[in-house]
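# Per-entry structural report
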Amino acid sequence: MRRKRYLYAVCTLAVVLTFLSACQKNTKTTNSSVSSAVSETGNKESTQPSENVTVSDSKSDAAVFSEESAVTATGEIRYCLYTPKNPQKNMPLIIYLHGGKSKGNDLSKLTETDGFPQYLKNGELGDVRAYVIMPQLTSDKKGWADISAGICEIVDKAAEYYGIDKTRVSLTGHSMGGTGTWALATEHPELFRRIAPLSGSIVLNAENVNALKGVSVRAFVGADDTIVRPQSSNAFVTALKRAGGNAEITEFAGADHFDVPKLAYCGEGIDLLAWLTEE
């Protein structure tokens with residue numbers, strides 16, 4: 001009887017030891033697999049795109065709205081970046097310049113107080129087939145002309161990194177951003193194919209007219225705007241057309257300064273985003 005109990009105990013112990021050995025082996029295999037997977041993921045995250053590979057090669061089923069920054073000759077510029085879903089190489093780029101209320105160091109201001117970024121982020125503008133960069137002007141800067149060189153740097157860097165078609169870069173903005181659109185385009189007419197200044201102002205002189213003769217212009221103003229009078233844009237577009245430029249202006253009847261963005265970017269029959277991005 002004792003011998004049978006002894007043999008039973010020995011057999012049981014052998015089974016237990018075999019089981020524990022198998023568990024230990026499986027655990028090591030699992031840990032090794034997990035370690036390998038983490039290492040692979042880490043390598044992917046730390047790898048930067050090579051000179052011939054751009055982010056636009058990757059596919060995404062949804063558009064992405066992100067916060068970015070760039071160090072330029074005019075200092076650090078923070079901006080919101082809209083990346084379209086399923087981005088391709090040689091896509092167009094839109095630069096949007098905000099109004100005075102969105103100045104500062106908090107990018108959330110752009111989507112809280114500025115029309116175009118709001119419409120873009122909430123999907124009101126639909127599937128915009130372009131990259132969109134929306135820089136933020138810091139409070140210590142007077143206007144967009146103060147960082148025009150920095151914005152040009154961002155355009156160059158974005159074109160290289162995302163594979164953007166530099167012949168299809170457009171510029172738009174409202175209020176202070178509308179004035180900035182006029183200013184940046186006259187300073188760098190070679191950079192922008194099309195511009196759409198909203199409720200902005202520009203000095204009417206021969207130098208500015210000549211600068212924009214090769215740029216397509218669609219300006220938008222409100223007839224009842226008492227903050228930035230529509231006469232400035234109206235007079236300039238008239239002079240630009242007389243000089244042979246490709247320009248037009250839409251004056252919204254009964255619209256004040258703050259009505260213009262919704263009417264221009266979302267208005268039926270305006271198709272401003274399609275015009276800014278078309279080939």
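No experiment lies behind these values; they were computed from the predicted model shown. (Residues numbered from 1 in each chain as written. Predicted model: local features only at pLDDT ≥ 70, side-chain atom pairs only at ≥ 80, totals over all residues. Heavy atoms only, no water.)

## What about the overall build of the chain?
Within the chain, the regular secondary structure consists of 9 helices and 8 strands. Looking at the chain as a whole, 43% of its 279 residues qualify as buried. As presented, the chain carries roughly 14,900 Å² of accessible surface, and 51% of it is formed by carbon and sulfur atoms. (Helix = DSSP H or I, 4+ residues; strand = E, 2+ residues; numbered from the N terminus. Buried < 20%, exposed > 50% of the residue type's maximum accessible area, 1.4 Å probe, protein only. Areas by Shrake-Rupley, 256 points an atom, 1.4 Å probe, with all protein chains shown as cover.)

## Focus on unusual backbone geometry
Backbone geometry at N86 places phi at a positive 45 degrees, although glycine is not the residue there. With respect to the helices and strands, N86 occurs in the loop between strand 2 (75-83) and strand 3 (93-97). In this model, S175 sits at a positive phi of 65 degrees, which is unusual for a non-glycine residue. Among the structural elements, S175 can be located in the loop between strand 5 (169-174) and helix 5 (176-187). Classification of S175 as buried rests on a relative accessible area of 16%.

## A word on the nonpolar core
The biggest cluster of nonpolar side chains holds 41 residues, and the ones touching the most others in it are I95, W182, I195 and L212. Sorting the residues of this core by element identifies strand 2, strand 3, strand 4 (131-135), helix 4 (148-162), strand 5, helix 5, strand 7 (216-222) and helix 7 (231-242) as the ones contributing at least two each. Residue contributions to this core peak at 7 residues, all from helix 4. Beyond its immediate sequence surroundings of up to four residues, I195 is in contact with L171, T181, W182, A185, L212, V215, S216, V217, R218 and W275. Counting residues in hydrophobic clusters, the runner-up holds 27 residues, among them Y82, Y96, F220 and F252. (Core = buried A, V, L, I, M, F, W, Y, C linked by side-chain atoms within 4.5 Å. Contact = heavy atoms within 4.5 Å.)

## Describing helix 4
The end-to-end C-alpha distance of helix 4 is 21 Å, a good match for the 21 Å that 15 residues give at a rise of 1.5 Å each. Turning to helix 4, its buried residues are S148, G150, I151, C152, I154, V155, A158, A159 and Y162. At its buried positions, helix 4 is contacted by strand 1 (64-72), strand 2, strand 3, strand 4, strand 5 and helix 5. Two residues or fewer past helix 4, G163 is found with a positive phi of approximately 70 degrees. (Expected span 1.5 Å × (residues − 1).)

## Some remarks on the pattern of salt bridges
Enumeration according to the criterion identifies 7 salt bridges in this entry. In this structure, K141 engages D140 in a salt bridge whose closest nitrogen and oxygen atoms are separated by 3.3 Å. Residue class for D140 comes out exposed when judged on its relative accessible area of 60%. D156 is paired through a salt bridge with K166; the nearest N and O atoms lie 2.5 Å apart. Residue D156 is located in helix 4, and its partner K166 is located in the loop between helix 4 and strand 5; the two are separated by 10 residues in the primary sequence. Judged by its relative accessible area of 36%, D156 is partly exposed. Under the relative-accessibility criterion, K166 is labelled partly exposed at 40%. (Salt bridge = Lys/Arg side-chain N within 4 Å of Asp/Glu carboxyl O.)

## Focus on helix 5
Taking 1.5 Å per residue as the helical rise, helix 5 with its 12 residues ought to reach 16 Å, and the 16 Å between its terminal C-alpha atoms agrees with that figure. A large share of helix 5 lies buried, amounting to 9 of its 12 residues.

## Let's talk about the environment of G173
Its place among the elements puts G173 in strand 5. Judged by its relative accessible area of 0%, G173 is buried. Non-local contacts of G173, meaning those with residues more than four positions away in its chain, are made with Y96, L97, G178, T181, A196, P197, L198 and Y265.

## Regarding the packing of aromatic side chains
Two descriptors summarise a pair of aromatic rings, namely the distance from one centre to the other and the angle between the planes of the rings. Considering all chains together, one arrives at 7 aromatic pairs under this definition. Seen in terms of ring centroids, Y96 and Y265 are 6.4 Å apart; in terms of plane orientation they differ by 70 degrees. Their pairing is edge-to-face. A residue pair is termed long-range when its members are at least 10 positions apart, and Y96 in strand 3 and Y265 in helix 8 (residues 260-266) qualify at 169 residues. Taking the centre distance of 4.9 Å and the plane angle of 35 degrees together, the rings of Y131 and Y162 count as tilted. In this pair, Y131 is assigned in strand 4 and Y162 in helix 4, connecting sequence segments 31 residues apart. The class of Y162 is buried, set by a relative accessible area of 13%. (Phe/Tyr/Trp six-rings, centres within 6.5 Å; stacked < 30°, edge-to-face > 60°.)

## A word on the sheet that holds strand 5
Spatial ordering of the open sheet is given by 1-2-4-3-5-6-7-8, a layout of 8 strands whose pairing is mixed. The outermost strands of the open sheet, each flanked by one partner alone, are strand 1 and strand 8 (247-252). Neighbour to neighbour, the strand axes of the sheet diverge by 20 degrees on average, direction disregarded. Across the sheet, helix 5 touches strand 3, strand 5, strand 6 (194-198) and strand 7, and the angle it forms with strand 5 is around 145 degrees. Here helix 7 sits on the sheet and contacts strand 7 and strand 8; the angle it forms with strand 8, its principal contact strand, is near 155 degrees. (Pairing = 2+ DSSP bridges. Axes fitted to C-alpha atoms, helices over the stretch in contact; angles between N-to-C directions.)

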